[in-house]
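Here is how the chains run, residue by residue.
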Amino acid sequence: MGSFSRREHANKFHTTMIQKIENLIAQVNQFSATSAAEIEEFRIRILGKKGELNALLEEFKTVPAEQKRELGQKINALKTLATERINNLKASASAAPSRTTAIDDMTRPATDESLGGRHPVSLVKNQICEIFGRLGYTIADGPEIEDDWHVFSALNFPPEHPARDMQDTFFIEKNPDILLRTHTSSIQTRIMEHGQPPIRVVCPGRVFRNEAISYRAHCIFHQVEGLYIDENVSFADLKQALLYFAKEMFGESSKIRLRPSYFPFTEPSGEVDVSCNLCGGKGCAVCKGTGWLEIMGCGMVDPNVLEACGIDSKKYSGFAFGMGVERIAMLKYGVKDLRLYFENDVRFLHQFDKAL
Ligand code: PHE
């Protein structure tokens, strides 16, 4: 009664299995995920030991012989489709590991990200500013594209004066008054024009000169210059400030010496040498056997400069100094070629993360 004939039973069996397979094919085609964990979960559900495919194969054992061929082909097609789809999704998930992949499992160790560091020029520039900061100097900034007045004329370089050859720069053809600053003394001009003493500033920044590039010269480099103007500022104050700087930068046992020099904006002017920190003053290849390394220029601000900037030179006096940041860093860390600072090779740059 009411029971299926053998054939009817077999047909019913056939249709439900076909439906199941087609349903799974649709699921595989629709499945999409970017996280490796989700893809793996899907793989286990379809292809895993206790997954849908193995359940079908179990059922397949009981399928009547005449239906085995058709159903077998369909099951195989499902297996190939699911394997390919899962492999493709896995490949694209690992090619573009997304943030969500990492966040899915909070217990996974963090990925090893290489951190950037500060450039040695910035590190040494900050160190110089910080040392003078302890003496009460504040930091002043100014434009890199300047005019003739702030770079040269106000600083006592008359037009056509040969001193301008010491600092040849880049001009703009259309307007020869516009140029790239050759020193950050131009910031000092602006500070003096806009305020009255006491003035005590350091001026860090990038400067430009028409120089052929070599291991010791570049058309772009960085400076920190300083300016101190008040009543009764003397050469002794200058010498003491520079000695303090040398000891802080190169070590407590450092000495300095001053040699007469010439700059249009200071009178008298000097070059500052520090005792060689590599040989302790005995003489080596770096200091060329002299025991001394030149680190900066300095001098008492020329009264003409004070007057050009609106400061009463009878009441006030002051000193100025200026140094190249790359040079200080080269001397301190024994860097032999200036060009290394501009090549941005991380193997060179990373050494300074540890040194400073
Ligand atoms: N401005 C000078 C230069 O760039 C350095 C300097 C600054 C010298 C202040 C003396 C006083 O060469």
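In every chain, residue numbers begin from 1 and rise along the written sequence. Whole-chain, interface and lining totals are the exception, using all residues; otherwise, since this is a predicted model, local features are given only for residues with pLDDT of at least 70 and side-chain atom pairs are given and counted only at 80 or more. Where side-chain values are given, they derive from all heavy atoms of the structure, hydrogens and water being excluded.

The next thing to look at is the packing of helix 2 (residues 36–47) against helix 4 (residues 65–95). Angular values range over 0 to 180 degrees, each being the angle between N-to-C directions of two axes fitted as lines to C-alpha atoms, with helices fitted over their stretch in contact. Here a helix means four or more residues in a row that DSSP labels H or I, a strand means two or more in a row labelled E, and each is numbered from the N terminus. Between helix 2 and helix 4, the shortest axis-to-axis distance is 10 Å and the interhelical angle comes to 170°. Taken together, the axes of helix 2 and helix 4 lie roughly antiparallel to each other. The segment helix 2 lies against helix 4, with Ile39, Glu40, Phe42, Arg43, Ile46 and Leu47 engaging Lys79, Ala82, Thr83, Ile86, Leu89, Lys90 and Ala93. For the contact of helix 2 with helix 4, a count of residues per class yields 8 nonpolar, 1 polar and 4 charged. Oblique is the label for any angle not covered by the other classes, which are roughly parallel (under 35 degrees), roughly antiparallel (over 145) and roughly perpendicular (65 to 115). What makes two residues a contact is simply this: any of their non-hydrogen atoms within 4.5 Å. Each residue gets one label: Ala, Val, Leu, Ile, Met, Phe, Trp, Tyr, Cys and Pro are nonpolar, Asp, Glu, Lys and Arg are charged, and the others, such as Gly, are polar.

With that settled, consider the side chain of Gln223. Mapping Gln223 onto the fold places it in strand 6 (residues 220–230). Here a polar contact means two N or O atoms within 3.5 Å. Within protein one must be a hydrogen donor candidate and the other an acceptor candidate, and residues neighboring in sequence count only if both atoms are side-chain atoms. Here Thr184 takes part through its backbone nitrogen, which lies 2.8 Å from a polar atom of the side chain of Gln223. Ignoring any residue separated from it by four or fewer positions in sequence, one finds Gln223 in contact with Thr182, His183, Thr184, Cys203, Pro204, Gly205, Val207, Arg209, Met323, Gly324 and Val325.

What a helix is expected to span follows from its residue count: subtract one and scale by 1.5 Å. For helix 6 (residues 120–133), built from 14 residues, the straight-helix expectation of 20 Å at 1.5 Å per residue is met to within 8% by its first-to-last C-alpha distance of 19 Å. Three labels apply to residues, based on accessible area from a 1.4 Å probe with only protein chains included: buried if under 20% of the type maximum, exposed if over 50%, partly exposed otherwise in between. Among the residues of helix 6, those classed as buried are Pro120, Val121, Leu123, Val124, Ile128, Cys129, Ile131 and Phe132.

Centre distance within 6.5 Å is the pairing criterion for rings of Phe, Tyr and Trp, where only the six-membered ring of Trp is used; planes under 30 degrees apart are then read as stacked, over 60 as edge-to-face, and the remainder as tilted. Throughout the structure, instances matching the rule amount to 14 aromatic pairs. For the pair Phe132 and Tyr137, a centre-to-centre distance of 5.4 Å together with 70° between the ring planes defines the contact as edge-to-face. Considering the side-chain rings of Tyr137 and Phe321, the 6.3 Å spacing of their centres and the 65° angle between planes classify their relative orientation as edge-to-face. Highlighted residues: Tyr137 in the loop between helix 6 and strand 1 (138–139) and Phe321 in strand 10 (residues 317–324), separated in sequence by 184 residues. Grouping residues by exposure puts Tyr137 and Phe321 together as buried. An aromatic cluster of three or more residues is present, and its members are Phe132, Tyr137, Tyr228, Phe245, Phe319 and Phe321. The cationic tip of Lys68 hangs over the ring face of Phe60; the distance from NZ or CZ to the ring centre is 5.4 Å. Whether a charge sits over a ring comes down to the Lys NZ or Arg CZ being within 6 Å of the ring centre and within 35 degrees of the ring normal.

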